[in-house]
Amino acid sequence: MSGAIVIAGARINGEDVGTIAVRDGVLIDPADAGAGATRIDAEGLVLLPGLVDLHTHLREPGREDAETIESGSRAASRGGWTAVHAMANTNPVADTAGVVEQVWSRGQEIGLVDVFPVGAVTVGLKGERLAEMGAMAQSRARVRLFSDDGICVYDPVIMRRALEYVKSFDGAIVQHAQDLRLTEGSQMHEGDVSAELGLAGWPAVAEESIIARDVLLAGHVGSRVHIQHLSTAGSVDIVRWAKSRGINVTAEATPHHLLLTHEEARTYNPLFKVNPPLRTAEDVEAVRAGLADGTIDIVATDHAPHASEDKDCEWAAASFGMLGLETALGVVQKVMVESGLMTWKDVARVMSHTPARIGRVDASHGRPLAVGEPANLTLVDPAARWIVEPAALASRSHNTPYAGMELPGRAVATFLRGKPTHLDGRFEGVFA
Amino acid sequence: MKHLLGTKDLSRDNAILILDTATQMAATQDRENRKLPTLRGKTVVNLFFEDSTRTRISFEAAAKRLSADVINFSAKGSSVSKGESLKDTALTLQAMGADAVVVRHWASGAAYQLAHGGWLHGSVLNAGDGTHEHPTQALLDAFTMRKHLMDTDGTGTDGKGLDGLRVAIVGDVLHSRVARSNMHLLTSLGASVALVAPPTLLPVGMDSWPVDVFHGLDDALDAQPVDAVMMLRVQRERMTGGGASFFPSPAEYTRMFGLDGQRMARLSDRGIVMHPGPMNRGLEISAEAADSPRSVIVEQVANGVAVRMASLYLLLAGEEQA
Amino acid sequence: MTGIVLTAPDIERAVTRIAHEILERNAGAEHLVLLGIPTRGLPLAERLAAKLADVEPGFDATRRCGALDITMYRDDLHRQPTRPIGATRLPAAGIDDAVVVLVDDVFHTGRTIRAALDAVKDLGRPRAVQLAVLVDRGHRELPIRADFVGKNLPTSRSERVDVHLVETDGEDAVILTGGRK
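Residues numbered from 1 in each chain as written. Chains lettered and ligands numbered in written order. Predicted model: local features only at pLDDT ≥ 70, side-chain atom pairs only at ≥ 80, totals over all residues.

Regarding the overall build of chain B
Formally: Strands here are runs of E lasting at least two residues and helices are runs of H or I lasting at least four, both read from the DSSP assignment and numbered beginning at the N terminus. Note on method: radius of gyration uses C-alpha positions; expected globular size equals 2.2 Å times residues raised to 0.38. What counts as a contact is two residues whose backbone-derived C-beta atoms lie within 7 Å of each other.
Counting secondary structure elements, chain B contains 12 helices and nine strands. The C-alpha atoms of chain B give 19 Å as radius of gyration, which agrees with the globular expectation for 322 residues (20 Å, within 12%). Here the C-alpha coordinates of chain B stretch approximately 55 × 50 × 35 Å along the principal axes. Residue pairs at least 24 apart in sequence account for 75% of intrachain contacts in chain B once pairs closer than 6 positions are excluded.

The following block contains the structure:
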């Protein structure tokens, strides 16, 4: 298709209604689109810059039964994402240039989203020796973010060295904050619900103490650190304090930590088992407020697919993690936009501009919606109302905590460098 | 009553019904022919994912005395080495025609998942799930207390709860399903509960529990006359080693929390000594206390059969519930 | 006929007559044990025991009268909501070699008595078991008959017989209701 695309009638960033046009992968002046352009009627829709997820698990290589780069890319594009950062806890672990290049080029080959691999901090995620982060940074995958997620970089010396080391290529260490000793055998948030249910607790202090340590370390050595899935009020306070001291820290919150609490564990349904765990209502309030006031910089999904036998079992035997790519927009709209805590422009900030900047992919993603910029776009229908059906999701896995829930808002079209990667049924036939 | 999963949601009326029924069941066990035809044709499966010969035998005896058929299913596996899944095991039992499944499992919540997972149509009776609940233990404990402490005027105990009694539960509350189930049931039946444990063995988040907390057995005995002291088994492994560090040493535990003859003498006049078993003689309970006339520990075991007969009767004898 | 079919005096006379019949049939009160089937068989058994004690010297009404709960022997448990189990009280000497007289208020299908016979078998080995009922309303479903009957009351299946006793209901009456108009 060599012609232009014109998208008319959408509210740009949720603000004024406007028209944009695309040709050859970049935004052009609509006046130059030409008569043969494909027209998309976007009345009532919101146009956002393509969403960028800083925290996704694509499971390939190693657990293709749960998800592949292809199925994950499909889930991402359906969720409105144009870029995802794939975490390194694969098998083999992404701790070498070879593995990250493999993941990156597979993503390119599929072409539905840009897959930016995250490199491991330590070899094999064992926390003992630094991985060859320099090699990964210089590879074709151009890795800038390094993380041992779902394991904490626990040894303070290793964390310090890692923070120092990545400065040379403008990298950042991305920390899954969890004191390993305080959370041995933990199953859910430590509080009144865990006391009653007889499930081993995961205390908030195990997250907060690591964040406190790491922001101080980052400040001391002059590095940037990114804190994953902030889940407690205390964590928000610590990050707020650190920023007030000029420490170069950024933080993310997941959609599930914006909506769900530890009360969900009462049914012992492992769909609600996640790391860090669902917390109290007060924590959820604080995380929402933190996202609204910028203390928490971005929303990241922590999309964690699991095969059904890893979830259809006793809580204690189940794996931690929830799907997130296809439901994120809906949850954010429900919790943050419809409550008035954020505007769609804020959503663009936390789900596109800022994650792109943190990931250092902002040359191509999270760009302003202006002529000349790459055409990475997400069209959202805020009026959509849909019931989450696990079997209907594009992911190979079905472990969504929102099964049966009605969500507002849905991405109805996603464009990666001008190419439509996801089109809702209403646009069928538009691209013949 | 379709399932018996815990005492938290067991109403006072239903709890008393179980206890009163157990009284009648206990009476039948004094006869020469102890067997009743009531559950003839029903199949009860003992599904044990955790070894426990005593509890399993108790349930087996209870079911057989009511003429039910008993199938013992010892499932392998743990959180580390997953055996056949809970779901597959349940589907197999359903296909075998289990009317009731008595389940003991190492994972908290397993009984709830079996009851509500949609794999089983029959009744589920929780014989102990992880550190969550063990309702028949609490019921047999309450039955024992009621028998010894609530027949003050010789009119028997039918219809009575445990109103006005003071019960102290001593030991590793954090990891004890017996403590949790007892706490809920005792409170529902009108008793007041004291939990006695070092702070390391009490759960965070228990502020709303309707109990008094003491960090030494002497303090608990001094505060108010205790009618029944329930000693929980303490695991030595939990004490010190492996980084668990819940307590410095067994000796210090015994000094502060152990029940010996001297402490036993400070119970109320009618005070009784209880233990769910198996006991660590010399650790949480001295031989003198365990073997004293105040000890009802052996009787608890016998009462267990009657209480489990009552539970099975109430779950299975009536018309099948949806 | 609907309404009260046995008044309080009728019941009193019937109980008196049954007591004498029991004594006559058994040539005295030796070996007799009365077991009332809850709910209303129990006060009836106690009344009979009292009458026997009036007439027969040496008959200790309290020690020779007990209760026999048959819930656990019923054959229809699975068709109804769960029934609570009542108390079974036997004389201290048991029922071995005794003449057990089962006492119930209404004799209908016979299934209650069949369950009672099963229960008695598990409690001991009496030398004989006899049955005394206040009202026999017919419609037997099992080959069981009563030895002592207060009143034979032919009924249709759709009718209902309710026995009221002072001890349980505050009055003495046998009431017939229902049936086709």
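Quick look at the overall build of chain A
Put simply, the test is: Think of it as a crowd count around each C-beta: if 20 or more other C-beta atoms lie within 10 Å the residue is buried, if 12 or fewer it is exposed, and in between it is partly exposed, with C-beta placed from the backbone throughout.
Across its full length, chain A holds 11 helices and 18 strands. Here the C-alpha radius of gyration of chain A, 21 Å, is about what a compact globule of 432 residues would show, namely 22 Å. If one aligns the C-alpha atoms of chain A with their principal axes, the spans along those axes are about 65 × 45 × 45 Å. Considering chain A as a whole, with its 432 residues, one finds that 62% of them fall into the buried category.

Focus: the environment of B:F246
All names here are of chain B. Among the structural elements, F246 can be located in the loop between helix 8 (236–239) and helix 9 (250–257). Taking the C-beta count within 10 Å as the criterion, F246 has 19 such neighbours and is therefore assigned partly exposed. Here the alpha-carbon distance between F246 and R236, two residues 10 residues apart in the chain, equals 10.0 Å.

Comments concerning the packing of helix 1 (residues 69–78) of chain A against helix 2 (residues 97–110) of chain A
All names here are of chain A. Applied cut-off: Here the axes come from fitting lines to C-alpha atoms, over the contacting stretch only for helices, and the angles between their N-to-C directions go from 0 to 180 degrees. Any angle between 65 and 115 degrees counts as roughly perpendicular, while under 35 counts as roughly parallel, over 145 as roughly antiparallel, and the rest as oblique. Should the near helix be turned anticlockwise from the far one by less than a right angle, the crossing is left-handed, and should it be turned clockwise, the crossing is right-handed.
Their axes nearest at 10 Å, the elements helix 1 and helix 2 cross at an angle of 60°. Viewed along their axes, helix 1 and helix 2 adopt a mutual orientation that is oblique. Judged by the twist between their axes, the crossing of helix 1 over helix 2 is right-handed. Counted together, I69, E70 and S73 of helix 1 and V103, R106, G107 and I110 of helix 2 form the full contact between these two elements.

Some points on the environment of B:P135
Residues and elements named next belong to chain B. Relative to the helices and strands, P135 resides in helix 5 (residues 135–149). A tally of 30 C-beta atoms within 10 Å means that P135 is categorised as buried. Other than its neighbours up to four places away in sequence, P135 contacts L4, G6, T7, L10, N126 and S181.

A short note on helix 6 (residues 205–221) of chain A
All names here are of chain A. Rules: To estimate the expected span of a helix, subtract one from its residue number and multiply by 1.5 Å.
For helix 6, spanning 17 residues, the distance from its first C-alpha to its last is 24 Å, which sits close to the expected 24 Å at 1.5 Å a residue. Taken as a whole, helix 6 has its buried residues at A206, E207, E208, I210, I211, D214, V215, L217 and A218. Phi for G222, located one or two positions after helix 6, is positive at around 75°.

A closer look at the packing of helix 4 (residues 156–165) of chain A against helix 6 of chain A
Residue and element names in this part refer to chain A. Between helix 4 and helix 6, the shortest axis-to-axis distance is 10 Å and the interhelical angle comes to 45°. As the angle between them shows, helix 4 and helix 6 are arranged oblique. Here helix 4 and helix 6 pass one another in a crossing that is right-handed. Mapping the contact onto sequence places P156, M159, R160, L163 and E164 in helix 4 and R213, D214, L217, A218 and V221 in helix 6.

Re the domain arrangement of chain A
Residue and element names in this part refer to chain A. We apply this condition: Each domain's extent is set by a domain assignment, obtained either automatically or from a database. All amino acids are sorted into three groups, where Ala, Val, Leu, Ile, Met, Phe, Trp, Tyr, Cys and Pro are nonpolar, Asp, Glu, Lys and Arg are charged, and the leftover types, Gly among them, are polar.
In terms of domain boundaries, chain A breaks down into domain 1 (5–46 + 373–427) and domain 2 (50–358). The C-alpha-based centres of domain 1 and domain 2 are spaced at 26 Å. Every contact between the two is made by 30 residues of domain 1 and, on the other side, 40 residues of domain 2. Those elements giving two or more residues to the side of domain 1 that touches domain 2 turn out to be strand 16 (377–387), strand 17 (406–416) and strand 18 (419–423). In terms of residues, the side of domain 1 that touches domain 2 owes the most to one element, strand 17, which gives eight residues. Its residues placed into classes, the side of domain 1 that touches domain 2 shows 14 nonpolar, 13 polar and three charged.

Here's the deal with the nonpolar core
Put simply, the rule reads: We call a set of buried Ala, Val, Leu, Ile, Met, Phe, Trp, Tyr and Cys residues a nonpolar core when their C-beta atoms link them within 7 Å.
Among the nonpolar cores identified, the biggest contains 297 residues, and A:L47, A:F146, A:L379, B:V101, B:I169, B:V229 and B:L312 are the most heavily contacted of them. For this core, the element with the most residues is helix 12 (residues 297–316) of chain B, which contributes 11 residues. Residues in contact with A:L47, not counting those within four places in the same chain, are A:I7, A:A10, A:R11, A:I12, A:I20, A:A42, A:L369, A:L377 and A:L379.

As for helix 9 (residues 281–292) of chain A
Residues and elements named next belong to chain A. Counted at 1.5 Å a residue, the expected span for helix 9 with its 12 residues is 16 Å, and the 17 Å between its end C-alpha atoms agrees. Check the buried side of helix 9 and you find it contacts helix 7 (233–244), strand 14 (249–253), helix 8 (256–259), strand 15 (298–299), helix 10 (328–337) and helix 11 (344–358). Of the residues one or two after helix 9, G294 is the one with positive phi, at around 90°.

Describing the interface of chain B and chain A
Contact residues are listed per partner, giving 21 residues for chain B and 17 residues for chain A. Of all the secondary-structure elements, those providing two or more residues to the side of chain B that touches chain A are helix 3 (86–95), helix 4 (110–116) and helix 6 (177–188) of chain B. Class assignment for the residues of the side of chain B that touches chain A results in seven nonpolar, 10 polar and four charged.

Focus on the sheet that holds strand 9 (residues 145–146) of chain A
Residue and element names in this part refer to chain A. Put simply, the rule is: Strand pairing follows a simple DSSP-based rule, namely that at least 2 bridges must link the two strands.
One open sheet accounts for five strands, arranged 9-10-13-14-15; its pairing is parallel. Each edge of the sheet is formed by a strand with only one pairing partner; in this case those strands are strand 9 and strand 15. As paired strands, strand 10 (residues 172–175) and strand 13 (residues 225–227) are joined by three bridges and run parallel to one another. Across the sheet, the residue bridging to I173 is V225, located in strand 13.

Remarks on the sheet that holds strand 2 (residues 32–36) of chain C
Residue and element names in this part refer to chain C. Overall, parallel pairing links the five strands, which are arranged 3-2-4-5-6 in an open sheet. With one partner strand each, in any of the chains shown, strand 3 (65–67) and strand 6 (148–152) form the two edges of the open sheet. The sheet shows a mean angle of 25° between the axes of neighbouring strands, direction not considered. One ladder, built from four bridges, connects strand 5 (residues 128–136) with strand 6; its direction is parallel. Of the residues in strand 6, the one forming a bridge with A132 is F148. Docked against the sheet, helix 1 (residues 8–25) engages strand 4 (99–107), strand 5 and strand 6, running at close to 150° with respect to strand 6.

So, the interface of chain B and chain C
Listed as interface residues are 13 residues of chain B and, on the opposing side, 15 residues of chain C. If you tally residues by element for the side of chain B that touches chain C, the top one is helix 1 (residues 12–28) of chain B, at four residues. Its residues assigned to classes, the side of chain B that touches chain C shows six nonpolar, five polar and two charged.

Describing the domain arrangement of chain B
Residue and element names in this part refer to chain B. One can read the domain layout of chain B as domain 1 (12–133 + 302–316) and domain 2 (135–299). Look at where the C-alpha atoms of domain 1 and domain 2 centre, and you get two points 25 Å apart. Listed by partner, the interface residues are 23 residues for domain 1 and 22 residues for domain 2. For the side of domain 1 that touches domain 2, the secondary-structure elements that each account for two or more residues are helix 1, strand 4 (123–129) and helix 12. For the side of domain 1 that touches domain 2, the element with the most residues is helix 1, which contributes eight residues.

Here's the deal with the environment of B:V170
All names here are of chain B. Here V170 shows up in strand 5 (residues 166–170). Note on V170: 27 C-beta atoms within 10 Å, which makes it buried. Remark: the alpha-carbon pair of V170 and D158, spanning 12 residues in sequence, is separated by 28 Å.

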